[in-house]
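# Geometric and topological summary
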Amino acid sequence: MNLAVLVKQVPETTDVRIDRKTNTLIREGVSSIVNPFDMYAVEQALRIRDEHGGRVTCISMGPPQAEAALRETLALGADEAILLSDKAFAGADTLATSYTLAKAILKLGEFDLVICGKQAIDGDTAQVGPGVAEHLDIPHVTYVSKVEEISNRHIRVRRMIEEGYDVILSSLPALITVVKEIGEPRMPSIKGTLRARKAQVITWTARDLEADELMLGLSGSPTQVARIFSPEIRPGGEIIEGNSACEKARNLITQLKASHTL
Amino acid sequence: MSVEIISSNCTGCKACVLACPYNAIEIRDGIAYLLDNCVLCGACVGECPSEAIVVTDPVRSSKGSEAEEEESESHDRQGGGVWIFVEQRNGKPAGVAYELLGEGEKLASDLGEELCAVLLGYDVEHVAEEMMKYGASKVYLVDDPALDNFQDEPYAQVIAELVMEYRPSVFLFGATTVGRSLAPRIAVKLKTGLTADCTGLAIDKETKLLLQTRPAFGGNIMATIVCPEKRPQMATVRPKVMKTSTRDEARTGKIVKLSREIMPPRARLLETHQTSGQQSNIQEADIVVSGGRGLGKPENFALLEELAQLLGGAVGASRAAVDAGWIPYAHQVGQTGKTVRPKLYVACGISGAVQHLAGMSSSNVIVAINKDPNAPIFSIATYGIIGDALEIIPALITELKRDLL
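Fair warning: this is a prediction, and the values are worked out from it, not measured in the lab. (Residues numbered from 1 in each chain as written. Chains lettered and ligands numbered in written order. Predicted model: local features only at pLDDT ≥ 70, side-chain atom pairs only at ≥ 80, totals over all residues. Heavy atoms only, no water.)

### Section: the overall build of chain B
Within chain B, the secondary structure is distributed over 10 helices and 22 strands. Along the three orthogonal principal directions, the C-alpha set of chain B runs to about 70 × 65 × 40 Å. Relative to its full complement of 405 residues, chain B shows a buried share of 59%. Long-range contacts, defined here as pairs at least 24 residues apart, represent 63% of the contacts in chain B between residues at least 6 apart. For chain B, the accessible area works out to roughly 16400 Å², and carbon and sulfur atoms hold 49% of it. The average position of the 39 basic charges and that of the 51 acidic charges among the side chains of chain B differ by 3 Å. (Helix = DSSP H or I, 4+ residues; strand = E, 2+ residues; numbered from the N terminus. Buried < 20%, exposed > 50% of the residue type's maximum accessible area, 1.4 Å probe, protein only. Contact = heavy atoms within 4.5 Å. Areas by Shrake-Rupley, 256 points an atom, 1.4 Å probe, with all protein chains shown as cover. Lys, Arg positive; Asp, Glu negative; His and termini not counted. Charge placed at Lys NZ, Arg CZ, Asp CG, Glu CD.)

Next comes the structure, spelled out in structure tokens:
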């Protein structure tokens, strides 16, 4: 079974904030990590491979330093890692990104299943997975919490919905995006880490992908960022006092009623 | 938007290097240099004290005549209205549909276009009638047994066909599980832009472009996105943010019934399982009562459930509580769980790690109950109670019950 996993290197986003005084981004000490949801995607791919055999290829689009993220997936046991890196990819929105990733999957040749994390924690769009599926003209299922069964021709999965879950049966090839419930990612083994250090990460450029340049990067991106700003500051809080738990509780309820919250 | 460095102005002061969230600027030979991983977020521009970084307009400066032709073509396409997608299950519209109608009405009036709803399903004409009472002047209805349940492929196919035929200028979806799965497929079919999970929408007075504002970086930064060339301008809109439209019995409109040949989907819905009633739908609830490590053991979540029930709310949890196996993942609030924006969020025994705050900090009123007066949760709480959640929660339950008597 040929499995492709799409991986993104992201800044440890919860560290990124705006300095209230100067209204600028503070990025002191912000490190790069593998998008946490993509780690679940890698884990799911490895489990399918370990049970059914085959190959796991991790693909990432990003600058040369995104290679570090791919090496992490190799340390976990991925068979191959491909970095899509080219000036022509810069400034891509979700449409151009999904096009570029789809071209890379096509270049891989035969594939059965593409797995992505449900979203990246920097952009939080969740749009690239379904977008890639549409570019490839294959079915997709988002928010997968469990792979119930997979055979050579079909996959049956659970999709988390607001009030429970759906069971969906899809033909292969297909694309799924996974949530945390799929299972905790394994730790890299010593052997894996050593192997990852020596392994080659293949780099593909726009030319390798035989892509339409007008659909890449900035020129292929219909959306633009017009401006960024810091969110409104929450008004200062108030500590509810009281001599006992009961009194504090009563005072809180009074406040909530006074502010028409209750 | 394209970002350029004017080398003659650059002093190599590194202000931009520090401002860049993507590590995409380096100083080379004393001058700032943009790396390939620049995403054009513009964070550096305002930071530069020497006005050495400029943002250039994308189309007119860089794409040339081809883009202009495309532009005039796409402008011809406009005028087809502001569309909203009516998500429904078993003939019952999702709450966000009414919010989209409320917001859509405003945008349509600013654009001077009509507000239209798109409804797919089986035996759902009554929903179309309802949408008109809530402000849709036209409802495009495709009623077909093959559309009875939501499935990505047939829904995407039919909706893309409708767009190509009627050419709306704006198309909004709810940022729900369904909307966030369906809209990207449609956007790719139409090769147009899509902005995820918007919390603010407006029409620019001069350009008439849709200004789409959304949180990024876990809510630490807000970004306004535009889609100048392609139509429709598509966005998913975060539930519970926009005001719902009001029902008016007197309002009428037109139902445009359409039929389409529908391809059988390759990914088929087999069945749906509901879990533990409305308790688990923390994203739709007006009140969310969440518990964390401070609850000490799984049994104490029963207390939270009792409190939630008295308040008419749902039970949420921090990652720590979910990882400990005290409550299922569906209840997790935060970066790797769900984002909620209730009217009231009560955090019990939750210290308030940034990852948790990212999932609830836009709630209207936040109550924090924690033993540790230095817990970060207090910094964003509207009301704080310093004390053991296991003493305060029972006290709240007693007080609320007394009110009911």
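### What about the interface of chain B and chain A?
Facing 107 residues of chain B, the contacting portion of chain A comprises 89 residues. Carbon and sulfur atoms make up 57% of the area that chain B and chain A hide from each other, which totals about 8800 Å². The interface formed by chain B and chain A includes 8 salt bridges. Here A:Lys257 ties to B:Asp403 by a salt bridge, and the two come within 2.5 Å at their closest N and O atoms. One ladder, built from 7 bridges, connects strand 11 (residues 164-171) of chain A with strand 17 (residues 267-274) of chain B; its direction is antiparallel. (Buried area = accessible area lost by both parts, 1.4 Å probe. Salt bridge = Lys/Arg side-chain N within 4 Å of Asp/Glu carboxyl O. Pairing = 2+ DSSP bridges.)

### Topic: the packing of aromatic side chains
All names here are of chain B. For the structure on display, the rule yields 11 aromatic pairs over all chains. Residues Phe 85 and Phe 173 carry aromatic rings whose centres are separated by 5.5 Å and whose planes lie at 35 degrees to one another, so their mutual orientation is tilted. Of this pair, Phe 85 sits in strand 5 (residues 82-86) while Phe 173 sits in strand 10 (residues 170-174), placing them 88 residues apart in sequence. The residues Phe 85 and Phe 173 share a single accessibility class, namely buried. Between Tyr 98 and Tyr 134, the aromatic rings sit 4.6 Å apart at their centres with planes inclined by 65 degrees, giving edge-to-face as the arrangement. Residue Tyr 98 is found in helix 3 (residues 95-111), and its partner Tyr 134 is found in the loop between helix 4 (125-133) and strand 9 (138-143); the two are separated by 36 residues along the sequence. (Phe/Tyr/Trp six-rings, centres within 6.5 Å; stacked < 30°, edge-to-face > 60°.)

### Here we look at the packing of helix 7 (residues 301-311) of chain B against helix 10 (residues 389-404) of chain B
The relative placement of two packed helices comes down to the angle between their axes together with the axis-to-axis distance. Residues and elements named next belong to chain B. Relative to each other, helix 7 and helix 10 sit at 30 degrees, their axes nearing to 10 Å. Here helix 7 lies roughly parallel to helix 10, going by the angle between them. As helix 7 packs across helix 10, the resulting crossing turns out to be left-handed. Mapping the contact onto sequence places Leu 303, Leu 304, Glu 306, Leu 307, Leu 310 and Leu 311 in helix 7 and Leu 390, Ile 393, Pro 394, Leu 396, Ile 397, Leu 400, Lys 401 and Leu 404 in helix 10. A breakdown of the residues in the contact of helix 7 with helix 10 according to their chemical character gives 12 nonpolar, no polar and 2 charged. (Axes fitted to C-alpha atoms, helices over the stretch in contact; angles between N-to-C directions. Parallel < 35°, antiparallel > 145°, perpendicular 65-115°, else oblique. Left-handed = near helix turned anticlockwise from the far one by under 90°. Nonpolar A, V, L, I, M, F, W, Y, C, P; charged D, E, K, R; others polar.)

### Some remarks on the sheet that holds strand 18 (residues 287-291) of chain B
Strand order in this open sheet of 6 strands is 15(A)-22(B)-21(B)-20(B)-18(B)-19(B), and the pairing throughout is parallel. The open sheet has two edge strands with one neighbour each: strand 15 (238-239) of chain A together with strand 19 (314-317) of chain B. Here 4 bridges tie strand 21 (residues 365-370) of chain B to strand 22 (residues 383-386) of chain B, and the two strands are oriented parallel to one another. Residue B:Asn370 lies in a different strand from strand 22 of chain B, and its bridge partner there is B:Ile386. On top of the sheet, helix 7 (residues 245-258) of chain A reaches strand 15 of chain A together with strand 20 (344-348), strand 21 and strand 22 of chain B; it is set at about 175 degrees to strand 22 of chain B, its chief contact.

### Some thoughts on helix 3 (residues 94-108) of chain A
Residues and elements named next belong to chain A. Along its 15 residues, helix 3 runs 21 Å from first to last C-alpha, staying within 8% of the 21 Å computed at 1.5 Å per residue. In terms of burial, helix 3 is a largely internal element, 11 of the 15 residues being buried. Among all positions of helix 3, only Thr 94, Leu 95, Ala 96, Thr 97, Ser 98, Tyr 99, Thr 100, Leu 101, Ala 102, Ala 104 and Ile 105 are buried. Near the N-terminus of helix 3, the side chain that reaches the backbone nitrogen of Leu 95, with its oxygen 3.0 Å away, is that of Asp 93. Just downstream of helix 3, Gly 109 is the residue with a positive phi angle, here 100 degrees. (Expected span 1.5 Å × (residues − 1). Polar contact = N/O pair within 3.5 Å; in protein donor to acceptor, adjacent residues only side chain to side chain.)

### Some words on the pattern of salt bridges
Under the counting rule described, the total for this entry stands at 38 salt bridges over all chains. Note that B:Glu26 and B:Arg28 form a salt bridge whose closest N and O atoms lie 3.1 Å from each other. Residue class for B:Glu26 comes out partly exposed when judged on its relative accessible area of 34%. A salt bridge links B:Asp323 to B:Arg319, with the nearest nitrogen and oxygen atoms 2.9 Å apart. Remark: B:Arg319 and B:Asp323 occur in helix 8 (residues 319-323); sequence separation between them is 4 residues, near one turn of the helix. Residue B:Asp323 is classed as partly exposed on the basis of its relative accessible area of 44%. Looking at B:Arg319, the relative accessible area reads 39%, which means it is partly exposed. In this structure, a network of salt bridges that share partners links the residues A:Glu43, A:Arg47, A:Arg49, A:Asp50, A:Asp79 and A:Arg186.

### Section: the domain arrangement of chain A
Once the domains are mapped, chain A shows domain 1 (2-220) and domain 2 (232-262). One C-alpha centre belongs to domain 1 of chain A, the other to domain 2 of chain A, and the line joining them spans 44 Å. (Domains from an automatic or database assignment.)

### Some words on the domain arrangement of chain B
Residues and elements named next belong to chain B. Along its sequence, chain B is carved into domain 1 (2-56), domain 2 (75-258) and domain 3 (277-404). In this structure, domain 2 and domain 3 have C-alpha centres spaced 33 Å apart. The interface of domain 2 with domain 3 comprises 5 residues on the first partner and 9 residues on the second. Around 610 Å² of area is buried between domain 2 and domain 3 when both sides are counted, 45% of it from carbon and sulfur atoms. Interface area lost by domain 2 to domain 3 is led by Gly 218, Arg 238 and Lys 240, which between them contribute 72%. The tally of links from domain 2 across to domain 3 stands at 1 salt bridge. Between Lys 240 and Asp 286 there is a salt bridge, and its shortest N-O distance comes to 3.0 Å.

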